[in-house]
Amino acid sequence: MTARRWTSSDDYIVGWICALPCGLDAARRALDQEYDCQLKLSENDQNVYVYGEINGFNIVIACPPFAEYGTTPATITAQHMKASFKSLRYRFLVGVGGGAPSESNDIRLGDVVVSTPVGNDSGIIPYDWGKRLPSGQFQQIGTLNKPPQPLRRAISCLQTDHNFNTHLAGSLAPILTYSKRIECPAHDKDRLFASSYTQPDPEAPCASCDQAQVIPRKKRLSDCPRVHYGLIASGNQVMKDAVTRDELANSRGILCFEMEAAGLMDDFECLVVRGICDYSDSHKNKDWQPYAAASAAAYVKTLLKYLPRPIKKIPEDQGRTIP
């Protein structure tokens, strides 16, 4: 990739937060160009940034410190980015999450879930902000901001484009093949176990689990990830209980569980995009993480094609106009 030097933080209008190294790797692979530059940042900004471009948009990418999870590290990362990059128009939280498949939502590993409002819910539900009622129902306390309107308008346009799957596949292919190849795991590694069946040995691979407990599902005709729009549940604890997963999915329409968004939405309004790497149950493994992260990054790369392309000035050290 050809490097350019953009010398002002005001040149960057897209902010991209990742939660895990696999998400950062996918984000870098998604860039059309990666820049080699050092910018003047806010005095207290401790983030390490990756700079680049997609479809004419200058993009700044950051990830919380390694092995720090949950809403707080992501919130601090977003706050520092916001302080240093005051011209951001579009913000994204991109990475992997746990799916909540149901009869109405055929979510598979490698699919993408995008936070969008449903009814009175904004798109992100803080599922550990609340209390359990005597009836057993969970009562949520507090609400969060919706994703920004410009991004929701772009989603409306994207959803009516009959060529979207072609565009998404086109965005995903170079991410998978860039440098060291990311492989889509074999279909037989996408196993959805019955909710009542927990993994006997958390340290053992799922191949040792009782395969009679796998829920049969019809094989898809296409390998292209499907995109699901709706509610994402966010909290500080990893969801590893399939029974609770199903309860929230059925009662609230939850599509996905993750651990960062609840801390960002009020002060860093963004679109949350998650590639599905597991089913929020005890049968977790990391086999699908790189591919799921790539799917999420490909969705954002595709969505940027539907946003108005910015008019850009040439970097100071090149002294000419971009045609």
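If you're wondering where the values come from, they're calculated on a predicted model, not measured in any experiment.

Visitor: Could you give me a rundown of the overall build of the chain, with the residues and numbers involved?
Guide: When its secondary structure is counted, the chain shows six helices and twelve strands. Looking at the chain residue by residue over its 323 residues, the buried ones come to 52%. Residue pairs at least 24 apart in sequence account for 77% of intrachain contacts in the chain once pairs closer than 6 positions are excluded. For the chain, the exposed surface amounts to about 15700 Å²; the carbon and sulfur share of it is 49%.

Visitor: Talk me through the packing of aromatic side chains; I want residue IDs and the actual numbers.
Guide: This structure, assessed with the given rule, holds twelve aromatic pairs. Relative to F85, the ring of Y12 has its centre 5.9 Å away and its plane inclined at 80°; by these criteria the two rings are edge-to-face. You can see Y12 sitting in the segment before β1 (14-18) and its partner F85 sitting in the loop between α2 (71-84) and β5 (90-99), a full 73 residues away along the chain. Both residues of the pair, Y12 and F85, count as buried.

Visitor: Tell me about the side chain of R29, and please be specific about residues and values.
Guide: With respect to the helices, strands and loops of the structure, R29 is situated in helix α1 (residues 21-30). Owing to a relative accessible area of 9%, R29 belongs among the buried residues under this scheme. Side-chain polar atoms of R29 contact the backbone oxygen of I175, separated by 2.9 Å. Residues within four places of R29 in sequence aside, it is in contact with I175, L176, Y178, K180 and I182.

Visitor: Kindly report on the pairing of strand β11 (residues 254-258), identifying the contributing residues and their values.
Guide: Burial within β11 is extensive, with five of its five residues counted as buried. The sheet contact formed by β5 and β11 spans two bridges and is antiparallel. Opposite G98, over in β11, you have F257 as the bridge partner. Pairing of strand β10 (residues 227-234) with β11, which is carried by four bridges, proceeds in the parallel orientation. Within β11, the residue paired with S234 across the bridge is E258. For the handedness criterion, the β-α-β arrangement of β10, helix α5 (residues 242-252) and β11 is classed as right-handed.

Visitor: Requested: an account of the packing of helix α4 (residues 164-177) against helix α6 (residues 289-303), with residues and values cited.
Guide: At a minimum axis distance of 8 Å, the contact between α4 and α6 shows a crossing angle of 125°. Relative to α6, the element α4 is oriented oblique. Considering only the axes of α4 and α6, their crossing is right-handed. Touching F164, H167, L168, S171, L172, I175 and L176 of α4 are Y291, A294, S295, A297, A298, Y299, K301 and T302, all from α6. For the contact of α4 with α6, a count of residues per class yields ten nonpolar, four polar and one charged.

Visitor: Can you break down the pattern of salt bridges residue by residue, with the values?
Guide: Across all of its chains, the model carries 15 salt bridges by this definition. Linking D190 and R217 is a salt bridge whose minimum nitrogen-to-oxygen distance equals 3.1 Å. Taken together, the residues span a long stretch of sequence, with D190 in the loop between α4 and β10 and R217 in the loop between α4 and β10 at a distance of 27 residues. What makes D190 buried here is its relative accessible area of 15%. Here D246 and R245 are joined by a salt bridge, their closest N and O atoms 2.9 Å apart. Taken individually, D246 and R245 each receive the classification buried, so the pair is uniform in this respect. Via salt bridges that share partners, D106, R108, D111, R220 and R226 belong to a single interconnected network.

Visitor: I'd like to hear about the nonpolar core, residue by residue, with values.
Guide: Counting residues in hydrophobic clusters, the biggest one holds 83 residues, and the most contacted among them are W16, F92 and Y299. Among the elements that take part in this core, α6 stands out by supplying ten residues, more than any other. In this structure, F92 is in contact with V14, G15, W16, I17, L151, C270, L271, V300, L303 and L304, ignoring residues within four places of it in sequence. If you look at the next biggest cluster of nonpolar residues, it comprises ten residues, including A100, Y127, A233 and F257.

Visitor: Break down the environment of A100 for me, with residues and values.
Guide: Among the secondary structure elements, A100 is positioned in the loop between β5 and β6 (112-115). The buried category is assigned to A100, whose relative accessible area is 0%. On a C-alpha basis, the gap between A100 and R245 in space is 6.4 Å, while along the polypeptide they are 145 residues apart.

Visitor: Can you lay out the environment of L231 for me, pointing to particular residues and giving the numbers?
Guide: Along the chain, L231 turns up in strand β10. Here the alpha-carbon distance between L231 and D121, two residues 110 residues apart in the chain, equals 7.6 Å. Beyond its immediate chain neighbours, meaning those up to four positions away, L231 contacts T116, V118, D121, G123, I125, R252, G253, I254, L255 and C256.

Visitor: Can you explain α1? Please cite residues and give values.
Guide: Side chains that are three or four residues apart share a direction in an α-helix, a result of its 3.6 residues per turn. Turning to α1, its buried residues number three or more, namely C22, G23, A26, A27, R29 and A30. An end-on view of α1 places all buried positions within 160° of arc, on one side of the element. Those residues of α1 that are buried are in contact with β1, β3 (50-54), β4 (57-62), β5, α4 and α6.

What counts, and at which threshold
- Residues numbered from 1 in each chain as written.
- Predicted model: local features only at pLDDT ≥ 70, side-chain atom pairs only at ≥ 80, totals over all residues.
- Heavy atoms only, no water.
- Helix = DSSP H or I, 4+ residues; strand = E, 2+ residues; numbered from the N terminus.
- Buried < 20%, exposed > 50% of the residue type's maximum accessible area, 1.4 Å probe, protein only.
- Contact = heavy atoms within 4.5 Å.
- Areas by Shrake-Rupley, 256 points an atom, 1.4 Å probe, with all protein chains shown as cover.
- Phe/Tyr/Trp six-rings, centres within 6.5 Å; stacked < 30°, edge-to-face > 60°.
- Polar contact = N/O pair within 3.5 Å; in protein donor to acceptor, adjacent residues only side chain to side chain.
- Pairing = 2+ DSSP bridges.
- Right-handed = clockwise from strand over helix to strand, strands pointing away.
- Axes fitted to C-alpha atoms, helices over the stretch in contact; angles between N-to-C directions.
- Parallel < 35°, antiparallel > 145°, perpendicular 65-115°, else oblique.
- Left-handed = near helix turned anticlockwise from the far one by under 90°.
- Nonpolar A, V, L, I, M, F, W, Y, C, P; charged D, E, K, R; others polar.
- Salt bridge = Lys/Arg side-chain N within 4 Å of Asp/Glu carboxyl O.
- Core = buried A, V, L, I, M, F, W, Y, C linked by side-chain atoms within 4.5 Å.
- Arc of directions from axis to C-beta.

These values are about where atoms sit, not about what they do.
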